[in-house]
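# Structural description and commentary
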Amino acid sequence: MPSSFDNPYLGQGIAIDTPLARADATRVGRLLAQCPRHGATQLRDLPGLARECGVAAIHLKDESTRMGLGSFKALGAAFVIACDAADHAAGEEIAADELSDRTYVAASAGNHGLSVAAGAAVFGARAVIYLADTVPEAFAERLRSKGAEVVRAGETYEDSMAAAERAAAERGWTLLSDSSWPGYSEIPLGVMEGYLQMAREAIEQMPEPPSHILLQAGVGGLAAAVARYAREQWGDGPEIIVVEPAYAPALIESVRAGRLVTTEGPVSEMGRLDCKTPSMIALASLSRDANRFVTISEEEAAQGVEILKAHGFATTPSGGAGMAALIAGLEGLGAEARVLAILSEGPEDG
């Protein structure tokens, strides 16, 4: 059963010197309207699985088709690059080679890198993506197919992040991270702003406000963006629950400590969530907006993927982690619960 911790900072947040996640989706909607591959993803009802889990309703935001990249992260880095191109353009028209003099570098477990690569390709920029040795080669090949250069660096995401940061400093490249730390916040704020499109769509598609929202987290960008927008639109009504791997409990342990901490643990099969240090912005925002934090085991994540597949939703342990917590017997919901969850990515071979 998932381990749960109630957030003692709800409504006020941990005092951290960092900006909070944004809640205005206007700019991202305006830019995405100009993208030919943009379209709202589906919100799917799962009545059969709801009965199995003992709740009234499950609404699943399916990001596996997002802009042909198979993940919600298509909305993040590509949006930042599009903003750069719009700012760089002399007039209203943005040229296909608008950013030909720019190199974007990022560390990724796959999907963030795909968004960087896709955004760079649209505007003629170069993309260099650093991957830990543990990231599947299938993701590296997908990155290369989008025009990115792939560099392997270290055993963990943190190793690849450090290598990307050094490369940016030494070569004058633009570091495009979805995490934040002291002195680095504007770009990750933009990445998280891109995710607001997903939150806005989900809220518009919901037949009524949910009683519970399940949000999986790595560094916490998706969870913080959706939680902030949900609070702006629905107030204190929904209970927001953040789900992390037990092997990478960066947010839950930081909230326990009342400050940002780096955790240690084995490598998780929830690879996109296997982040040992949270984003400062995400921690500050979620400590204000989330009701509780839970962790799930590797076995619970694997079981969740299998059950989702049986119901017609192919994903990874990362993509289905929020639902896996519910399937594993998450406490405190009740038979009348109306759950909103996110399938954040499709299968690795999708």
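Presented here is a report on the structure given in the accompanying data block. This structure is a prediction, so every number in the text was calculated from the model and none was measured. Every residue gets a number counted from 1 within its own chain, in the order that chain's sequence is written. Under the rules for a predicted model, residues below a pLDDT of 70 receive no local features and side-chain atom pairs below 80 are neither given nor counted, while totals for whole chains, interfaces and linings still include all residues. Calculation of side-chain values draws on the structure's entire complement of heavy atoms; hydrogens and water are dropped beforehand.

### Observations concerning the pattern of salt bridges
Rule in force here: Should a side-chain nitrogen of Lys or Arg be within 4 Å of a carboxyl oxygen of Asp or Glu, the pair is scored as a salt bridge. Numbered from the N terminus, helices here are DSSP runs of H or I no shorter than four residues, and strands are runs of E no shorter than two.
Throughout the structure, instances matching the rule amount to 21 salt bridges. As a salt-bridge pair, Glu 232 and Arg 228 come within 2.8 Å of each other at their nearest N and O atoms. With Glu 232 and Arg 228 both in helix H8 (residues 221-234), this residue pair falls four residues apart, about one helical turn. When salt bridges that share partners are traced, they join Arg 22, Arg 27, Glu 186 and Glu 193 into one network.

### Brief notes about the packing of helix H4 (residues 111-122) against helix H5 (residues 137-145)
As a reminder of what qualifies: Helix axes are fitted to C-alpha atoms over the stretch in contact, other axes to C-alpha atoms as well, and angles between N-to-C directions run from 0 to 180 degrees. For this classification, under 35 degrees means roughly parallel, over 145 means roughly antiparallel, 65 to 115 means roughly perpendicular, and everything else is oblique. Should any heavy atoms of two residues lie within 4.5 Å, those residues are counted as being in contact. Any residue that is not Ala, Val, Leu, Ile, Met, Phe, Trp, Tyr, Cys, Pro, Asp, Glu, Lys or Arg is counted as polar, Gly included; the first ten are nonpolar and the last four charged.
H5 packs onto H4 with a crossing angle of 10 degrees between their chain directions and a minimal axis gap of 9 Å. As summarised for this structure, H4 and H5 are arranged roughly parallel, according to the angle between their axes. Note on element contacts: H5 touches H4 through Phe 139, Arg 142 and Leu 143, opposite Asn 111, Gly 113, Leu 114 and Ala 117. Grouping the amino acids of the contact of H4 with H5 by side-chain chemistry returns four nonpolar, two polar and one charged.

### Overview of unusual backbone geometry
You will see that Met 67, though not glycine, has its phi angle at about 55 degrees, which is positive. Relative to the elements of secondary structure, Met 67 occurs in the loop between strand S3 (57-62) and helix H3 (77-88).

### Some points on H3
Which entries qualify depends on this criterion: Working rule for helices: expected span equals 1.5 Å times residues minus one. Burial classes: relative accessible area under 20% of the type maximum marks a residue as buried, over 50% as exposed, and values in between as partly exposed (1.4 Å probe, protein chains only).
Over its twelve residues, H3 runs 17 Å from end to end, which matches the ideal 16 Å to within 8%, given 1.5 Å per residue. Of the positions making up H3, those classed as buried are Ala 77, Ala 78, Phe 79, Val 80, Ile 81, Ala 82, Cys 83 and Ala 85.

### Thoughts on the packing of H8 against helix H10 (residues 280-289)
To characterise two packed helices, one gives the angle between the axes of the helices and the distance between these axes. Operational definition: Here is the rule for handedness: rotate from the far helix to the near one, and if that takes an anticlockwise turn smaller than a right angle the crossing is left-handed, while a clockwise turn gives right-handed.
Interhelical geometry of H8 versus H10 gives an angle of 40 degrees and a closest axis separation of 9 Å. As judged from the angle between their axes, H8 and H10 are oblique. Here the hand of the crossing between H8 and H10 comes out left-handed. The residues of H10 that touch H8, namely those facing Gly 221, Ala 223, Ala 224, Ala 227, Arg 228 and Arg 231, are Ala 282, Ser 285, Leu 286, Arg 288 and Asp 289. In the contact of H8 with H10, the residues fall into five nonpolar, two polar and four charged.

### Thoughts on the pairing of strand S4 (residues 103-107)
Every regular strand shows the same layout, with side chains that alternate between the two sheet faces. Filter applied, for reference: Pairing between two strands requires that DSSP report at least two bridges joining them.
S4 sits mainly inside the fold: five of its five residues count as buried. Residues Thr 103, Val 105 and Ala 107 of S4 are buried on one face, and the alternating residues Tyr 104 and Ala 106, pointing to the opposite face, are buried as well. Here five bridges tie S4 to strand S5 (residues 126-131), and the two strands are oriented parallel to one another. Bridging across to S5, Thr 103 finds its partner in Arg 126. Across two bridges, the pairing between S4 and strand S7 (residues 174-175) is parallel. Of the residues in S7, the one forming a bridge with Val 105 is Leu 175.

### Looking at the side chain of Ser 160
Looking at the element boundaries, Ser 160 is found in helix H6 (residues 157-171). Not counting residues within four places of it along the chain, the set of residues in contact with Ser 160 comprises Ala 107, Tyr 130, Leu 131, Ala 132 and Ala 153.

### Some thoughts on the environment of Gly 29
Turning to its location among the elements, Gly 29 is positioned in helix H1 (residues 26-32). Taking C-alpha positions, Gly 29 is 8.8 Å from Leu 196, a pair spaced 167 residues apart along the chain. For Gly 29, the residues in contact, after removing those within four places along its chain, are Gln 197 and Arg 200.

### Examining the sheet that holds S5
Spatially, four strands are ordered S6-S5-S4-S7 in an open sheet, and the strand pairing comes out parallel. Looking along the sheet, the strands with just one partner apiece sit at the ends: strand S6 (149-152) and S7.

Note that all results are geometric; they support no functional claim without further evidence.
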